[in-house]
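Below are the chains, spelled out letter by letter.
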Amino acid sequence: MASLSLRHIYKKYPGGVTAVSDFNLEIKDKEFLVLVGPSGCGKSTTLRMIAGLEEISEGELFIGDRLVNDVAPKDRKIAMVFQNYALYPHMSVFENMAFGLKLSKVPKETIKKKVEEAARVLDITHLLDRKPKALSGGQKQRVALGRAIVRDPQVFLLDEPLSNLDAKLRATMRTELTKLHNRVETTFVYVTHDQVEAMTMATRIVVMKDGLIQQVDTPQTLYDKPVNIFVAGFIGTPQMNFLNGELVKKDDGVYFVYEGNELKLPAEKAEAEELQEYIGKEVVAGLRPECIHDDAAYMEANCQGATLETDVDVTELMGAEIYLYLRVGEEGKLTARVSSRSTTRAGEKITIGFDMERMHIFDKDTERCIIH
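Let me sum up the structure you'll find in this document. (Residues numbered from 1 in each chain as written. Predicted model: local features only at pLDDT ≥ 70, side-chain atom pairs only at ≥ 80, totals over all residues. Heavy atoms only, no water.)

### A closer look at the sheet that holds strand β7 (residues 155–159)
The pairing of strands in a sheet comes from backbone hydrogen bonds and takes either a parallel or an antiparallel form.
Line of reasoning, step 1. If you walk across this open sheet you meet the six strands as β6-β7-β8-β3-β9-β10, and the pairing is mixed. Strand pairing shows two members of the sheet lacking a second neighbour, β6 (78–81) and β10 (212–217), which therefore form its edges. The mean angle between the axes of side-by-side strands here comes to 15 degrees, regardless of whether they run parallel or antiparallel.
Line of reasoning, step 2. Alignment of strand β3 (residues 32–36) against strand β8 (residues 187–192), held across five bridges, turns out to be parallel. (Pairing = 2+ DSSP bridges. Helix = DSSP H or I, 4+ residues; strand = E, 2+ residues; numbered from the N terminus. Axes fitted to C-alpha atoms, helices over the stretch in contact; angles between N-to-C directions.)

In structure tokens, the structure reads:
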């Protein structure tokens with residue numbers, strides 16, 4: 001088992017392109033760390049540098065206490081699972097899983113024992129004699145994982161391993177990967193652009209943009225306390241609502257003025273020291289869809305001073321909940337996540353209430369969060 005230490009890592013390509021900038025991170029032993037971000041943000045490049053498949057331009061990479069910048073991939077005691085599984089089509093499942101061990105001159109009896117144990121853990125014992133073309137996507141994924149497990153790696157590296165699976169199978173494999181991590185007790189570093197995968201599996205998430213780390217934290221902290229607009233918008237489905245408005249001070253408190261509506265901030269937020277220099281200025285407010293309500297009884301009890309009129313453009317029944325797509329004034333657009341018992345219909349004009357306790361306020365210029 002091993003921890004990982006990435007110290008001031010850069011990846012620079014010829015022509016002045018910098019894919020990863022000043023990447024600093026300590027990954028704990030047995031942690032399930034997920035790198036997440038949009039395409040081209042540098043997450044896969046970072047993973048490939050850990051694997052030794054990309055050279056590090058600057059910085060130091062330690063696996064455990066060993067500096068591995070110049071260590072060959074096969075000597076790093078890591079195993080990588082690729083997006084396309086990379087199985088040999090002419091080999092059986094057993095042969096695919098055993099291939100790396102054979103190259104390392106492991107005795108046949110040991111290979112057999114390791115492959116059968118990994119197959120049992122992954123529930124693919126009945127597939128050991130099949131060729132890859134006879135397997136489903138989910139079965140191929142398990143074989144690729146099995147090939148990694150038999151090597152007893154110190155670190156598992158997984159590069160978007162579920163992206164080729166259908167939605168139902170992805171959900172099943174998320175659970176299987178989490179159980180596998182708990183079983184093998186090894187460090188996992190996982191790359192995905194799917195924030196649902198990140199939120200459900202990770203012990204910590206690294207959010208990346210343009211080669212830079214934006215925030216590193218637990219899934220719940222990222223959701224509740226994003227450091228900037230990018231993280232706030234990237235984490236969460238449907239994404240956070242962003243409202244452009246102005247902070248105005250009156251005798252009875254501080255208001256956020258949005259599309260002509262005055263929404264009163266809770267006293268704790270209004271009196272926050274960080275907010276005082278923004279009074280009278282334009283800011284961006286962030287509010288999760290579940291913090292917007294259409295239930296009259298709830299609004300009367302909890303949303304005093306923070307209600308407004310909206311037009312309902314579209315409603316989407318999701319089974320356990322309904323998404324409301326709302327229009328405020330000429331420019332304002334909001335998404336609300338409400339109870340499936342809601343009677344709101346498209347084309348109606350309704351009053352909605354904001355849970356102002358959970359409103360985030362961001363600096364309009366720097367996009368950094370001022371208060372949560």
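Next comes the rest of the account.
### Here's the deal with helix α2 (residues 93–103)
Line of reasoning, step 1. Turning to α2, its buried residues number three or more, namely V93, N96, M97, A98 and L101.
Line of reasoning, step 2. Packed against the buried residues of α2 are α3 (108–122) and α4 (137–149).
Line of reasoning, step 3. The positive-phi residue at the C-terminal boundary of α2 is K105, with phi of around 60 degrees. (Buried < 20%, exposed > 50% of the residue type's maximum accessible area, 1.4 Å probe, protein only. Contact = heavy atoms within 4.5 Å.)

### Brief notes about the layout of surface pockets
Line of reasoning, step 1. Approximately 740 Å³ is the volume found for the largest pocket.
Line of reasoning, step 2. The wall of the largest pocket is formed by 23 residues, among which K74, I78, A79, G100 and R151 lie closest to the centre.
Line of reasoning, step 3. When residues of the lining of the largest pocket are assigned to their parent elements, the largest contribution, four residues, is made by α2.
Line of reasoning, step 4. When grouped by side-chain class, the residues that make up the lining of the largest pocket number 15 nonpolar, two polar and six charged.
Line of reasoning, step 5. If you go around the second largest pocket, the residues you meet are I292, H293, D294, D295, Y298, R337, V338, S339, R341 and S342.
Line of reasoning, step 6. Per-element accounting of the lining of the second largest pocket gives the leading share, three residues, to strand β18 (residues 332–339).
Line of reasoning, step 7. Considered class by class, the residues forming the lining of the second largest pocket number three nonpolar, three polar and four charged. (1 Å grid on protein atoms, 1.4 Å probe; cavity = no way out; pocket = protein on both sides within 12 Å on 5 of 7 lines; lining within 4 Å. Points joined across faces, edges and corners; volume = space filled by probe spheres on them. Nonpolar A, V, L, I, M, F, W, Y, C, P; charged D, E, K, R; others polar.)

### Comments concerning the packing of α2 against α4
Line of reasoning, step 1. Following both chains from N to C, one finds α2 and α4 inclined at 30 degrees, their axes separated by 7 Å at the closest point. Crossing hand, α2 versus α4: right-handed. Residue-level inspection shows V93, N96 and M97 of α2 in contact with α4, the latter providing V143, G146 and R147.
Line of reasoning, step 2. Taken together, the residues of the contact of α2 with α4 sort by class into three nonpolar, two polar and one charged. (Left-handed = near helix turned anticlockwise from the far one by under 90°.)

### Examining the sheet that holds strand β2 (residues 17–27)
Line of reasoning, step 1. Read across the sheet, four strands follow the order β2-β1-β4-β5 without closing on themselves; strand pairing throughout is antiparallel. In this open sheet, the two edge strands, each paired with only one partner strand, are β2 and β5 (66–67).
Line of reasoning, step 2. Where strand β1 (residues 4–13) lies against strand β4 (residues 58–63), five bridges are found, and the strand directions are antiparallel. Bridge pairing links L6 to L61 in β4.

### Some words on the pairing of β18
Line of reasoning, step 1. Here β18 lies mainly inside the structure; six of its eight residues are buried.
Line of reasoning, step 2. As paired elements, strand β17 (residues 321–328) and β18 share eight bridges and run antiparallel to each other. Opposite V328, over in β18, you have G332 as the bridge partner.

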